[in-house]
Amino acid sequence: MSDRMVGAPVQRTEDERLVTGQGSFLDDLCRGAAAAAFVRSPHAHARILDIDVTDALDVDGLIAVYTHEDLSGPMADPLPMLVPHPSIVAARTPYALAREYVHHVGEAVAMVVARDRYAAEDAVERIRVGYDVRDPVVGLDDAFSAERTVHEDMADNVAGLLVQEVGGAPAAIAAAPHTLDLDLTIERSACTPLEGRGVHARWDPGAGGGLRLYTSTQTATGVRAAVAARLELPLGQVEVVVPDVGGGFGVKIVHPWPEELLVPWAARRLGREVAWAEDRREHFIASAHERAQRQRVRVGFDGDGRILGLDVRILHDNGAYLPYGMIIPIVTSTQLLGPYKPGAYRVEVHSLYTTTVIVTPYRGAGRPQGVFAMERTMDAIADRLGRDRAQVRAANLIHPRDLPYDQGLLFQDGRPLVYDSGDYPATLNAITDLVGWDDFAAYRERARAEGRRVGIGLACYVEGTAPGPYEGGHVQVETSGRVRVATGLSTQGQGHQTVLAQIVADELGVPMSDIEVTTGDTRRMPYSVGTYASRGAVTSGSAVAMAARKVRAKALRVAAEALGADPGDLDLSEGRIRVRGAPSEGMDLGTVAVLSNPLRYAFDAASVAATQFSDARHDRPPVAEGDAPGLEGTAFYSPLRCTFANGAHAAIVETDPDTAEIRILRYCVVHDCGNVINPMIVEGQVQGGVAQGVAGALLERMVYDGGGQLLNASFMDFLMPYASEVPVAEIGSLETASPLNPLGVKGAGEAGVIPGSAVLAAAIEDAEGFRIDAMPISPSDLFHLRRRHAAG
Ligand code: MCN
C-alpha cells in the first residue's frame, strides 16, 4: 500500500479549528474599530439632486459622513474595468460613492463612520437624499428594446457584443435534413455565501508602516494593488491579510469593491481603525448576481442526431455596470459546445445593461447557461428523431483519439481553448451505467401504471479550469524541522491548507503535522492572482510542488556535502535524510536547514544556539552566486492554457400529479478532474456544487419588479435549499491526467454546479411529456405549464 499523501482521502486539517468555533472571520476582527455604514439608493435609476446630512450630524457617536464630493484624485474616478476585451462596446463602472446618478437599488450614495454600527445606522437613517427618479430598465426585453437606457450617455444598453464563428453554421443549418429552434431562459441567481463581504482597515503611518487591510476576498493581491493605486500609496505600504472566509463562490473575486476602497480611505483620513461587515440585505442588493440569459438556438442535424450546424444567439443580463468585462459571455459561448463537435458553430452574445445589481462570475461562471443551451438542444433533437437521448449525445462526442482538440474558439486572453485530455465516451458510459439508464424505460412504465410521474435526465459538460497567468508557492524548512508553506490564494472553504500540505509532505518526506500553510497574506506571498476558475489545485498546487522540489534538491545537496555522500545515494523520508545502505547515517531536515545558513543559527523554543560561520572550505564564498542562505524555495507555475475537466450528471425525479411538487429520487455524477490530490475534498466540492446546481434549478431566483426593486432580498423570500432538499449525489469518477501541469490535475471546484439546470429540466420534461425551456422551475411554474400544455 502506498504511503503517499497525494491521492489519499486525508481529513481536512483546518476543520477542527473551524467547527469548534476557533475560526477568525472578518467580523471577529472588527471589535473596537469605528463602524462604517452606507446610505444606499432606494431607486433603480435616479439623478441625485442633493444630499442633506444635517440631521445625521447630531447622532451621538457620529465620526464622519462622506459623499462623492469628499473624494478626490483617483478615489473620485470610476472604479477600474478589470478584464478588458475587444468585444466590449461601452464599459461603464461605478464610482466608489455615486456621483450624480444611481443605476441600481443598493448603490452606495454616502458613507457614515461612527463609534459603532448602531450609531452608524442611526446616522444613515437621518441622511436625506433628493432624487429625480428616472425610468428603470429591468429585464432583457426592456434592455434590448433600448426604449430607455441605463446610462445617460448611451443610445442603447449594449455593454458588449461577442461573435465567435467556426465553419458556416447558417449555411450548414439551411442544408441540414432536420432543423429545430429553441427559446431558452435562465433566470438571475446569486452565490449567497454564508458570510457576506467585509473590510477592516488600520492606518499606521509610523516608521515603515502604512495600511493593514483585512478583507473577506478571493483576491488579496488584486485588492492590495487597487487600494494602493486609489489611495496613491506605494505598494509596499499596503498589506492585505485575508482571515477565515465563510464562502466566496465568485462574488468575492471582485476587486476592489467600493467598500474595499472607502473603508481604508476613511481609516487613513481619520487615523483610526474602521471596519464594515455587510448585512444580508446589503449582500442581496449591493454585491453581485449571475446567470440571467435568454438563448435562441437554431440547429441543423442529420438522421442520427449529429449536429451539422448550431447557431446560438444570447442576450446576457449584465446589470448596471461592467467590472468584469465580457468574461461570463465568453465562458458561456466558448464552453457551450461541451464534449461535442458540431459541424459548424456560430454564437452571438449581446451583453446588456439593466438597472439591477451587477453581474459577475458565480461558481460555474457562464457554463451552467451554456450547458443548458447545448443539452436542451440534444434532448430536443432526440425527441424530434424519436431516438435515445444518450445515443444522440454519443453520436456527437469528441473521441479520445481526437484529443488534444481545438474547437476553434478563443478564450478571454485570446488564446485558443484546446481540450487537453479526457475520455468523453467513457464519461457518458459511466453515467448511464451508474444511473441505470437502460433500465429506466421499464421503471417509468410501471410507475405510470401506478399513476406516478417519474423521469430521467442526463447532461454532459466540459470545464476549462485553471487559467493563468500564474500562481506562486513558497516552502521553507525551519531549523526546528517544521515546514512553512505560503500560497497567495485566499481560501474560502476549499481545504487548501490540507491539499497543499499533502503535496509538500510527499515532496519533502515530512509528516503533514509538521507542515503549516498560510493563505492569502500579501506579506508572505506578494505575487498571486487569486482563487477562482477552479485554479487552486492546478496553479498553486503545481507552484508549491515545484517550490518543494527546489527545497528537496537543496536539502539533498547540503546533506550530501555534510555527510560526504553523493546526493543520488540519499533518501528523504519521515523528515530525515538517510544514506541508502547505511540507514544509521543521516540527519534530519531541521539540521539541514541549520547547515543551509552559513551563520548556522538554530532556534528552538528553549534556546537560541548560534555557531558563528564555520565553513571549512575557503575556495568559494560562503553563499554561492545564485544561491541563498536557508532551506527555502519559491516557484511560480504559469499554465500554457486552461486544462479541461469534464463530467456528466443524471437525475431521476418524480413530480406530484396534483401539487406539481418536484422530488429528486436520485442524483448521479461522474466527473473527471485529472489526477486527484484529495478524493474526500473533491467529493465534498462536488456535493457542494450539486447543492448549488439543484438550488439554481428548483429554488433560487432573484425576483425584480418592473420598478427595479428586488422583491426577495432576504432569506425569508429567497429560497436557499434546506439540507433536506439537497440530494446526496452518488458520485463516480474517472482520472485522465492533464499533460499540462506537473501534478496532472484539473480543477474540481465548480464541477458539481454546472449541469444542474440542464439535467433537472431534462428529467422533469421526461416525467411530464412536454418541453421545459426555462429554469428555475418551481411547483407553481410546473403547475402553470401543465395547464398551458393541457389547453394546447
Ligand atoms: N482538488 C483536488 N484534486 C483535484 C482538483 C481539486 O484535490 N484534481 C482539491 C483542491 O486542492 C482544492 C479543491 O479540490 O482543495 C478545489 O480545487 P480547485 O478546483 O482547484 O478550485 P480552487 O481551489 O481554485 O477553488 C475555487 C473554486 C471555485 S471557482 C468556487 S466558485 C468555489 C469552489 O472552489 N467556491 C467555494 N469551492 C468552494 N468551496 C467552498 N467551501 N466555498 C467556496 O466559496
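Keep in mind that what you see is a predicted model, and the values were worked out from it rather than measured.

Engineer: What is the right way to read the overall build of the chain from this model?
Structural biologist: Within the chain, the secondary structure is distributed over 18 helices and 31 strands. A compact globule built from 792 residues should have a C-alpha radius of gyration of about 28 Å, and the chain, at 28 Å, falls within 12% of that. C-alpha atoms of the chain, sized along the principal axes, occupy 95 × 75 × 50 Å. For the chain, buried positions account for 53% of its 792 residues. For the chain, contacts bridging at least 24 residues in sequence account for 81% of all contacts bridging at least 6.

Engineer: Can you walk me through helix α18 (residues 779-790) in this structure?
Structural biologist: Owing to its 3.6 residues per turn, the α-helix brings residues three or four apart onto one side. The terminal C-alpha atoms of α18, which comprises twelve residues, lie 16 Å apart, in line with the 16 Å expected from a rise of 1.5 Å per residue. Of the residues flanking the end of α18, it is Gly 792, one or two places downstream, whose phi is positive at about 80°.

Engineer: Explanation requested: the domain arrangement of the chain in the structure shown.
Structural biologist: Along its sequence, the chain is carved into domain 1 (293-467 + 640-790) and domain 2 (468-637). One C-alpha centre belongs to domain 1, the other to domain 2, and the line joining them spans 42 Å. Contacts between the two partners involve 19 residues from domain 1, matched on the other side by 19 residues from domain 2. For the side of domain 1 that touches domain 2, the elements supplying multiple residues, two or more each, are β18 (453-465) and α16 (679-698). Its residues assigned to classes, the side of domain 1 that touches domain 2 shows nine nonpolar, seven polar and three charged.

Engineer: Can you help me understand the site of the ligand in this one?
Structural biologist: Around the ligand, the surrounding shell holds 37 residues, and the nearest of these are Gly 493, Gly 536, Ala 537, Ile 677 and Gly 749. Listed by contribution, the elements that provide at least two residues to the shell around the ligand are α13 (496-508), α14 (536-563) and α16. Class assignment of the residues belonging to the shell around the ligand gives a composition of 14 nonpolar, 19 polar and four charged. When residues are assigned to domains, the shell around the ligand turns out to be shared by domain 1 (293-467 + 640-790) and domain 2 (468-637), each giving three or more.

Engineer: What exactly am I supposed to notice about the environment of Gly 21 here?
Structural biologist: Tracing the backbone through its elements, the reader meets Gly 21 in the loop between α1 (15-19) and β1 (34-40). Sequence spacing of Gly 21 and Phe 411 is 390 residues, and the spatial spacing of their C-alpha atoms is 42 Å.

Engineer: What should I look at first to understand the UniProt feature "domain: Aldehyde oxidase/xanthine dehydrogenase a/b hammerhead" (unreviewed entry) in the chain in this one?
Structural biologist: Per the UniProt record, "domain: Aldehyde oxidase/xanthine dehydrogenase a/b hammerhead" (unreviewed entry) is annotated on residues 20-135. End C-alpha atoms of residues 20-135 are separated by 50 Å, and the span's content is 9% helix alongside 30% strand.

Engineer: Would you take a moment to explain α14 for this structure?
Structural biologist: Here α14 is 28 residues long and its end C-alpha atoms lie 38 Å apart, about the 40 Å a rise of 1.5 Å per residue gives. Burial runs high along α14: 20 of the 28 residues are buried. Backbone geometry just after α14 places Gly 564 at a positive phi near 65°.

Engineer: Looking at this structure, I do not really get the nonpolar core. What am I missing?
Structural biologist: Where a protein is soluble and globular, its nonpolar side chains tend to be buried together. Of all hydrophobic cores here, the largest spans 238 residues; its most connected members are Ala 36, Val 112 and Val 504. Here the element with the most residues in this core is α14; it accounts for 13 residues. Built from parts of two domains, this core gets at least three residues from each of domain 1 (293-467 + 640-790) and domain 2 (468-637). When neighbours within four sequence positions are excluded, Val 504 is seen to be in contact with Val 475, Val 483, Val 485, Ile 515, Val 544 and Ala 548.

Engineer: Explanation requested: the sheet that holds strand β15 (residues 345-353) in the structure shown.
Structural biologist: Hydrogen bonds between backbone atoms are what pair the strands of a sheet, whose relative direction is either parallel or antiparallel. Read from one edge to the other, the open sheet built from six strands follows the order β7-β15-β14-β13-β8-β31, with strand pairing classed as mixed. Unpaired on one side and paired on the other, β7 (158-166) and β31 (774-775) mark the two borders of the sheet. Inspection of the sheet shows strand β8 (residues 178-186) paired to β31 by two bridges, in the parallel sense. Across the sheet, the residue bridging to Thr 185 is Ala 774, located in β31. Set on the sheet, helix α9 (residues 367-385) makes contact with β8, β13 (293-301), β14 (307-319) and β31; between it and β8 the angle comes to about 140°.

Engineer: Explain the sheet that holds strand β29 (residues 662-672) to me, please; I cannot follow it from the model alone.
Structural biologist: With mixed pairing, the four strands of this open sheet are ordered in space as β18-β28-β29-β30. Of all the strands in the sheet, just β18 and β30 (730-734) have a single pairing partner and so form its edges. Here the strands of the sheet are splayed against their neighbours by 15° on average, with no regard to which way each runs. As defined by bridge partners, β18 adjoins strand β28 (residues 643-655) across 13 bridges and the pair is classed as antiparallel. In the strand pairing of β28, Arg 453 is matched with Thr 655. Contacts from helix α17 (residues 756-768) reach β18, β28 and β29 within the one sheet, and its direction differs from that of β18 by about 160°.

Engineer: It is not clear to me how the packing of α9 against helix α10 (residues 389-396) should be interpreted in this structure. Could you clarify?
Structural biologist: Relative placement of two packed helices is described by the angle separating their axes and the distance separating the axes. Where α9 meets α10, the axes come as close as 9 Å, and the angle between the chain directions of the two elements is 115°. Crossing angle aside, the handedness with which α9 passes α10 is right-handed. Taken together, the residues of α10 that come into contact with α9 (itself represented by Met 378, Asp 379, Ile 381 and Ala 382) are Arg 389, Val 392 and Arg 393. Classifying every residue of the contact of α9 with α10 gives four nonpolar, no polar and three charged.

The rules behind each value
Position labels on residues start from 1 in each chain and follow its written sequence. With pLDDT at 70 or above as the cut-off, local features in this predicted model cover only qualifying residues; side-chain atom pairs require 80 or more to be listed or tallied, and sums for whole chains, interfaces and linings still use all residues. The way it works is that DSSP assigns letters per residue, a run of H or I at least four long becomes a helix, a run of E at least two long becomes a strand, and they are numbered from the N terminus. C-alpha atoms define the radius of gyration in this analysis, and the globule rule sets the expected value at 2.2 Å times the number of residues to the power 0.38. Exposure is read from a count of other C-beta atoms within 10 Å of each residue's own; the residue is exposed at 12 or fewer, buried at 20 or more and partly exposed in between. C-beta atoms are placed from the backbone. Throughout, a residue-residue contact means that the two C-beta atoms, derived from backbone geometry, are no farther apart than 7 Å. To estimate the expected span of a helix, count its residues, drop one, and scale the result by 1.5 Å. Domain delimitation follows an automatic or database domain assignment. Only Asp, Glu, Lys and Arg are considered charged in this grouping, and only Ala, Val, Leu, Ile, Met, Phe, Trp, Tyr, Cys and Pro are considered nonpolar; every other residue, Gly among them, is considered polar. Here, nearness is defined through the C-beta atom: a residue counts as near a molecule or strand if that backbone-placed atom lies within 6 Å of it. UniProt positions are given in the numbering used here, feature names are shortened, and annotations may be inferred rather than shown by experiment. We call a set of buried Ala, Val, Leu, Ile, Met, Phe, Trp, Tyr and Cys residues a nonpolar core when their C-beta atoms link them within 7 Å. Any two strands between which DSSP finds at least two bridges are classified as paired. Fitted lines through C-alpha atoms serve as axes, helices being fitted only where they are in contact, and the angles separating the N-to-C directions of these axes extend from 0 to 180 degrees. By the definition used in this description, the sense in which the near helix is turned from the far one sets the handedness, with an anticlockwise turn below a right angle giving left-handed and a clockwise turn giving right-handed.

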